[in-house]
Amino acid sequence: MKVPLQKLAAVNSTKIVNANITKTAATTQPTRPSEGHRRTLTDTAIYAQPAVPKQWHLGMFEIGKPLGKGKFGRVYLAKERTSGFVCALKVLHKSEIQQGKVEKQVRREIEIQSHLAHPNVLRLFGHFHDAKRIFLILEFAGKGELYKHLRREQRFPEWKAAQYIAQMASALKYLHKKHVMHRDIKPENILVGVHGEIKISDFGWSVHAPNNRRNTMCGTLDYLPPEMLKGASKDNYYTEKVDLWSLGVLTYEFLVGEAPFEDTQVMTQRKIVRAEYTVPGFVSPEAKDLIKQVRHLLPPPTLVPKPIQNSNPKSAPRPRPRKTHLP
């Protein structure tokens, strides 16, 4: 009996496979996963890497239901016909990418994400293109955006927030060890796997920085650190610790249900620079201390905020529209 594509993940999710993500060639047996690397994912049909042909094309996939859409394209549930591998197929339209002048971000997203392999980082298994579109073969995160879970629950209990933050910290440690800054950490860019594990996604603003220095202002305003609001100059730069500041903001939002600096654009900048926020009384002293300690990983702000200019839309931080799946 043929199982509908959209139900395949749920049918197979009860089979637990304690193995690393393996590459499965179309004409060879699957390689034995390395031992000692704990895997949080579970089903070979979903998580064993798809068969690797000489060249991908759209006819190799059975396309299922839409998973989400964004400014430059859509994401679909898909199954690779040869291996039965279930994935998410992200479809970007070249004309829209060119009109938005984000060719560099797309190229960087592919280059960086394709080299990452961590249980809490969304895998990019491959990519291909035709005359009008670019296709990214992504790991399927069966429970969707973390942001939707947060809005449904309003705020997370501390035990759940602690689990999520621990997984985020592990993923960021891995990224930073590889000299990758994500630069746009927020609930909308975090997905949830079929077993509740979280996965950082959306590497459009990420950068590989071996010298650990950057000065581009980018990302989402509510999560920007004071160092980024100084503006770009030769003597002003920031490091991978911008992601840790965002982790502190994320911790607050998990526990409280809203970002600590949310306000008008000008007031949000001012609050960030002055570190002006209040923690409700229902948050435990230990959680309050964690938020404070993460925030103090950055140098103390000593500047006066300047209004963000929109003359360079590619580098200006984005307001925080709520989106479904794509940047």
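As a convention, each chain's residues are numbered from 1 in the sequence order in which they are written. Given that the model is predicted, a residue must reach a pLDDT of at least 70 before its local features are reported, and side-chain atom pairs must reach 80 or more before they are shown or counted; all residues, however, enter totals for whole chains, interfaces and linings. Side-chain calculation: all heavy atoms of the structure are included, whereas hydrogens and water are not.

## Considerations on the nonpolar core
A general feature of soluble globular proteins is that nonpolar side chains tend to end up buried together.
Logical step 1: Core analysis: the biggest nonpolar cluster contains 42 residues, and Leu146, Met168, Leu175, Ile200, Leu250 and Phe254 have the highest contact counts within it.
Logical step 2: Top element by residues in this core is helix H8 (residues 241-256). It accounts for nine residues.
Logical step 3: In what follows, residue pairs with any heavy atoms lying within 4.5 Å of each other are defined as contacts. Here isoleucine 200 is in contact with Asn120, Val121, Leu122, Met168, Ala171, Leu172, Leu175, His182, Ile185 and Asn189, once residues within four sequence places are set aside.
Logical step 4: Here the nonpolar core consists of buried residues drawn from Ala, Val, Leu, Ile, Met, Phe, Trp, Tyr and Cys, with membership extended through side-chain atoms lying within 4.5 Å. Exposure classes here rest on a 1.4 Å probe applied to the protein chains alone. A residue is buried below 20% of its type maximum, exposed above 50%, and partly exposed in between. Judged by nonpolar contacts, the second largest core, of 15 residues, contains Val75, Ile110, Leu122 and Leu136. Counting from the N terminus, the helices are DSSP H or I runs at least four residues long and the strands are E runs at least two residues long.

## Thoughts on helix H9 (residues 265-274)
Logical step 1: Taken together, the buried positions of H9 are occupied by Thr268, Gln269, Lys271, Ile272 and Val273.
Logical step 2: The inward-facing, buried residues of H9 contact helix H7 (226-229) and H8.
Logical step 3: One or two positions beyond H9, positive phi appears at alanine 275, with a value near 55 degrees.

## Thoughts on the pairing of strand S3 (residues 86-93)
Logical step 1: Along S3, seven of the eight residues are buried, which leaves the element largely enclosed by surrounding structure.
Logical step 2: One requirement defines pairing of two strands: DSSP has to find at least two bridges between them. With seven bridges joining them, strand S2 (residues 73-80) and S3 adopt antiparallel strand pairing. Bridge pairing in S3 places tyrosine 76 opposite leucine 89.
Logical step 3: What sits between the antiparallel neighbours S2 and S3 is a turn of five residues, in which glycine 84 has the positive phi angle 75 degrees.

## What to know about the packing of aromatic side chains
Logical step 1: Note on aromatic pairs: the rings of Phe, Tyr and Trp (six-membered ring only in Trp) are paired at centre separations within 6.5 Å, and the planes decide the class, stacked below 30 degrees, edge-to-face beyond 60, tilted for the rest. A full pass over the atoms with the stated rule returns 10 aromatic pairs.
Logical step 2: Between phenylalanine 61 and phenylalanine 128, the ring centres sit 5.9 Å apart and the planes meet at 10 degrees, which makes this aromatic pair stacked. With phenylalanine 61 in strand S1 (residues 61-69) and phenylalanine 128 in strand S4 (residues 124-129), this residue pair connects regions lying 67 residues apart in the sequence. As far as burial versus exposure is concerned, phenylalanine 61 and phenylalanine 128 are alike and both buried.
Logical step 3: Look at tyrosine 164 and phenylalanine 254: their rings are 6.0 Å apart centre to centre, the planes differ by 65 degrees, and that puts the pair in the edge-to-face class. Here phenylalanine 254 lies in helix H8 and tyrosine 164 lies in helix H6 (residues 158-177), a separation of 90 residues in the sequence.
Logical step 4: Each ring is checked for a lysine NZ or an arginine CZ that lies within 6 Å of its centre and within 35 degrees of its normal; such an atom marks a charge sitting over the ring. A cation over a ring is seen here: arginine 155 above phenylalanine 282, with NZ or CZ 3.9 Å from the ring centre.

## A look at unusual backbone geometry
Logical step 1: In this structure, histidine 179 takes a positive phi of about 60 degrees despite not being glycine.
Logical step 2: At arginine 183, a residue that is not glycine, the phi angle is positive and equals roughly 70 degrees.
Logical step 3: Relative to the helices and strands, arginine 183 is located in the loop between strand S6 (180-181) and strand S7 (190-192).

## Things to note about H8
Logical step 1: Here the expected span of a helix is defined as 1.5 Å times the quantity of residues minus one. For H8, which comprises 16 residues, the first-to-last C-alpha distance of 23 Å matches the rise-based estimate of 22 Å (1.5 Å per residue) to within 8%.
Logical step 2: Most of H8 sits out of view: 14 of its 16 residues are buried.
Logical step 3: Directly after H8, the chain includes glycine 257, whose backbone phi takes a positive value near 100 degrees.

## Examining the environment of glycine 142
Logical step 1: Looking at where glycine 142 falls in the secondary structure, it is placed in the loop between strand S5 (133-138) and helix H5 (146-153).
Logical step 2: The sequence separation of glycine 142 and leucine 191 amounts to 49 residues, and the corresponding C-alpha distance is 8.5 Å.
Logical step 3: Dropping the residues within four chain positions of it, glycine 142 is found in contact with Val192, Gly193 and Val194.

## What about the pairing of S2?
Logical step 1: Counting buried residues along S2, six of its eight residues qualify, which places the element largely inside the surrounding structure.
Logical step 2: Summarising the sheet, S1 and S2 pair through six bridges and their orientation is antiparallel. From the neighbouring strand, glutamate 62 faces S2, where its bridge partner is lysine 79.
Logical step 3: Adjacent in sequence and paired antiparallel, S1 and S2 are bridged by three residues.

Keep in mind these values describe shape, not function.
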